[in-house]
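Listed below, chain by chain, are the residues.
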Amino acid sequence: MGTMAAGRVLRDRTAGLFLAAVVVSGFGSSAMTLAAGIWVKSLTGSDGLAALALFAVWLPVLFGPLLGALADRLPRKPLLVGANITMAALLTTLTAVDSAGRVWLLYAVLVLYGCGSVLMDSAESALVAGAVAPALLGDFNGLRMMANEGMKLVAPLTGAGLYARFGGGAVALLDAVSFALAAGLYGLLRVRRTAAAPHGRGGWSAGLRQLWGSPVLRPLVLAASATMLCAGFNGATLYAVVDGTLGHSPAYAGVLSVAQGLGSVTIGLLAGPLLRRLPERVFAAAGIAVFGVAVGLRAVPSDAVALTACALIGAGLPCVLVAALTAVQRETPDAVLGRTAASADTLMMSPNAVALGLGAGLVARMDMPVLLPLVGAVALLTAALLLTGRREPLAPAGPHVSAEA
């Protein structure tokens, strides 16, 4: 049944083009995100500065409501095309980063990279909500997550190999090409309405009020926020675990990313069918619990355990994000959908940015056998609170009726 639903999604031309663009741009982005950390580590020798490369990408989510308001004001299809072209041009400047003294340029581009990602995600969410049947939104978001995260099966190793052979500039050019191709795919979209949705009253804060006022959205977004806080601390330990716990070179991070991508591919295929059978909170809480256990396991100095833990993280972490995004698309009117989606991203992802920044300092002060089990315990507590807190009656996600999009 899950395969049949996925087939229905893929047969839709708009959904298929969206997913193709996600695959193309996701390949370049996955390669670049990993290479950026390796690049900084190689130029500076610092685990903390390498972690700050990820922090730079995540920082713009703090401004999600403002960027989401822009997505509501502008025609969404031209916005997607223009943003991808701009990112392609921007990435070509990274060929000038060839010493520790020019790492600042890499950080600056990564911040703009993050801004573009937030803006494009907001526009995509709004377009998808109007193009995909409400009953299939969970399947689409699962497939989107699978396509995006599944790039970790090949892109990180490609990026690490390309970096090792030709340097970081070659990886940046690969990512630039992927954005250019994605712009072409978005240009092929046929949408019923390319003009911006009416801005309406409430300005940039309308999305926040939409989220906070909904008994369906609020607990999911708060749980996702706490989970991504844990994910940020976990992500900041990547190179410390690779080097200190496992005893490998920084490039081994690509192997761990492949394992995580495999877990994400699996849950991406299963997300839609599971969301039709399980209440959203149960699906999300189960994923958070799996993620929490896996984070604790990363403290074990074993390659086999580390690979297993990364696969479990890849399977567990996306669950709450898919559940929350699907609920946002289903429950939110089109006029404020860009702002609401961006506000949800801010509330869910900004803790990740904060934790990456703080974690960059913690990795030098705390032992991994202490930090990682502590982070895992917080994730398990989050899962328990999502299930036991005050809530609406449990109901599977599938039968809900979508808001007008």
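Residues take numbers from 1 onward in each chain, read along the sequence in its written order. In view of the model being predicted, local features appear only for residues whose pLDDT reaches at least 70, and side-chain atom pairs are presented and counted only at 80 or more, with totals across whole chains, interfaces and linings using the full set of residues. Calculation of side-chain values draws on the structure's entire complement of heavy atoms; hydrogens and water are dropped beforehand.

Student: Is there a simple way to think about the overall build of the protein in this case?
Tutor: Counting from the N terminus, the helices are the DSSP runs of H or I reaching at least four residues and the strands are the DSSP runs of E reaching at least two. Looking only at helices and strands, the protein has 17 helices and zero strands in total. Exposure is judged per residue with a 1.4 Å probe applied to protein chains only, and the accessible area is read against the type maximum: over 50% gives exposed, under 20% gives buried, and values in between give partly exposed. Within the protein, the proportion of its 405 residues that are buried is 55%. Whether two residues are in contact is decided by their heavy atoms: any pair within 4.5 Å suffices. Long-range pairs, those at least 24 residues apart, make up 86% of the contacts in the protein between residues at least 6 apart in sequence. All accessible-area figures derive from a Shrake-Rupley calculation using a 1.4 Å probe, and residue coverage is judged against the displayed protein chains alone. When the accessible area of the protein is evaluated, it comes to approximately 15500 Å², of which 69% is carbon and sulfur surface.

Student: What's the story with the packing of aromatic side chains in this structure? I'm lost.
Tutor: Aromatic ring pairs are reported here in terms of the distance separating the ring centres and the angle at which the planes meet. Paired rings are identified among Phe, Tyr and Trp, the last through its six-membered ring, by centres lying within 6.5 Å, and are further divided according to the angle between planes into stacked (under 30 degrees), edge-to-face (over 60) and tilted (the rest). The full count for this structure, using the stated rule, is three aromatic pairs. With 5.8 Å between their ring centres and 70° between their planes, Phe18 and Tyr186 make a pair best called edge-to-face. Placement of the pair is Phe18 in helix H2 (residues 13-44) and Tyr186 in helix H9 (residues 168-187), with a sequence separation of 168 residues. On the basis of an interplanar angle of 85° and a centroid distance of 5.6 Å, the ring pair of Tyr113 and Phe179 is categorised as edge-to-face. Here Tyr113 is found in helix H6 (residues 103-131), whereas its partner Phe179 is found in helix H9, with 66 residues between them in sequence. Assigned by exposure class, Tyr113 and Phe179 land together as buried. Here the aromatic residues Phe18, Phe140 and Tyr186 are joined through ring pairs into a cluster of three or more. Here Arg218 stacks its cationic end above the ring of Trp212, 5.6 Å away from the centre of that ring. Criterion for a charge above a ring: Arg CZ or Lys NZ at most 6 Å from the ring centre, at most 35 degrees from the ring normal.

Student: Help me understand the packing of helix H11 (residues 217-236) against helix H15 (residues 303-331) in this model?
Tutor: For any two helices packed against each other, one specifies the inter-axial angle together with the distance between the axes. Axis definition: a line fitted to C-alpha atoms, limited for helices to the stretch in contact. Angles are taken between N-to-C directions and run from 0 to 180 degrees. Closest axis-to-axis distance for the H11/H15 pair is 10 Å, and the angle between their directions is 150°. Classified by the angle between their axes, H11 and H15 sit roughly antiparallel to one another. Our pair here, H11 against H15, has a crossing hand that is left-handed. Along the contact surface, H11 presents Leu217, Leu220, Ala223, Ala224, Thr227, Met228, Ala231 and Asn234, while H15 presents Ile313, Leu317, Val320, Leu321, Ala323, Ala324, Ala327, Val328 and Glu331. Note that Gly is not counted as nonpolar here; it falls among the polar residues with everything else outside the nonpolar set of Ala, Val, Leu, Ile, Met, Phe, Trp, Tyr, Cys and Pro and the charged set of Asp, Glu, Lys and Arg. Broken down by class, the residue content of the contact of H11 with H15 amounts to 14 nonpolar, two polar and one charged. With respect to orientation, any angle under 35 degrees is reported as roughly parallel, any angle over 145 as roughly antiparallel, any angle of 65 to 115 as roughly perpendicular, and every other angle as oblique. Handedness of a helix crossing follows the sense of rotation of the near helix relative to the far helix, less than a right angle counterclockwise being left-handed and clockwise being right-handed.

Student: Looking at this structure, how should I read the environment of Ala71?
Tutor: You can see Ala71 is positioned in helix H4 (residues 64-73). Residue classification places Ala71 among the buried positions, given a relative accessible area of 0%. Separated by 52 residues in the primary sequence, Ala71 and Ala123 have C-alpha atoms spaced 5.5 Å apart. Ala71 has contacts with Arg76, Leu79, Leu119, Ser122 and Ala123, leaving out every residue within four places of it along the chain.

Student: I tried to follow the confidence of the model for the protein on my own but got confused; where do I start?
Tutor: Interpretation of this model should avoid reading the predicted coordinates in detail wherever pLDDT is low. Across the protein, the average pLDDT comes to 83, with 89% of residues at or above 70. Across the protein, element-level confidence peaks in helix H14 (residues 280-297) with a mean pLDDT of 95 and bottoms out in helix H1 (residues 2-11) with 62. Across residues 194-200 the pLDDT falls below 50, and counting only partners more than four positions away or on other chains, this stretch makes 18 contacts in the model. In this model, residues 393-405 is a region of pLDDT below 50 whose contacts with residues beyond four sequence positions or in other chains number 35 contacts. The predictor attaches a confidence to each residue, called pLDDT, with possible values from 0 through 100.

Student: I would appreciate a short explanation of the pattern of salt bridges in the present structure.
Tutor: Pairs can form between side chains of opposite charge whenever their charged atoms are close. Should a side-chain nitrogen of Lys or Arg be within 4 Å of a carboxyl oxygen of Asp or Glu, the pair is scored as a salt bridge. Across all of its chains, the model carries six salt bridges by this definition. For Asp98, the salt bridge is made with Arg102, and the minimal N-O distance between the two is 3.8 Å. A salt bridge links Asp139 to Arg276, with the shortest nitrogen-to-oxygen separation between them at 2.3 Å. Taken together, the positions of Asp139 in helix H7 (residues 137-150) and Arg276 in helix H13 (residues 253-277) put the pair 137 residues apart, joining distant regions of the chain. Classification of Asp139 as buried rests on a relative accessible area of 3%. The structure contains a network of salt bridges with shared partners spanning Asp121, Glu124 and Arg144.

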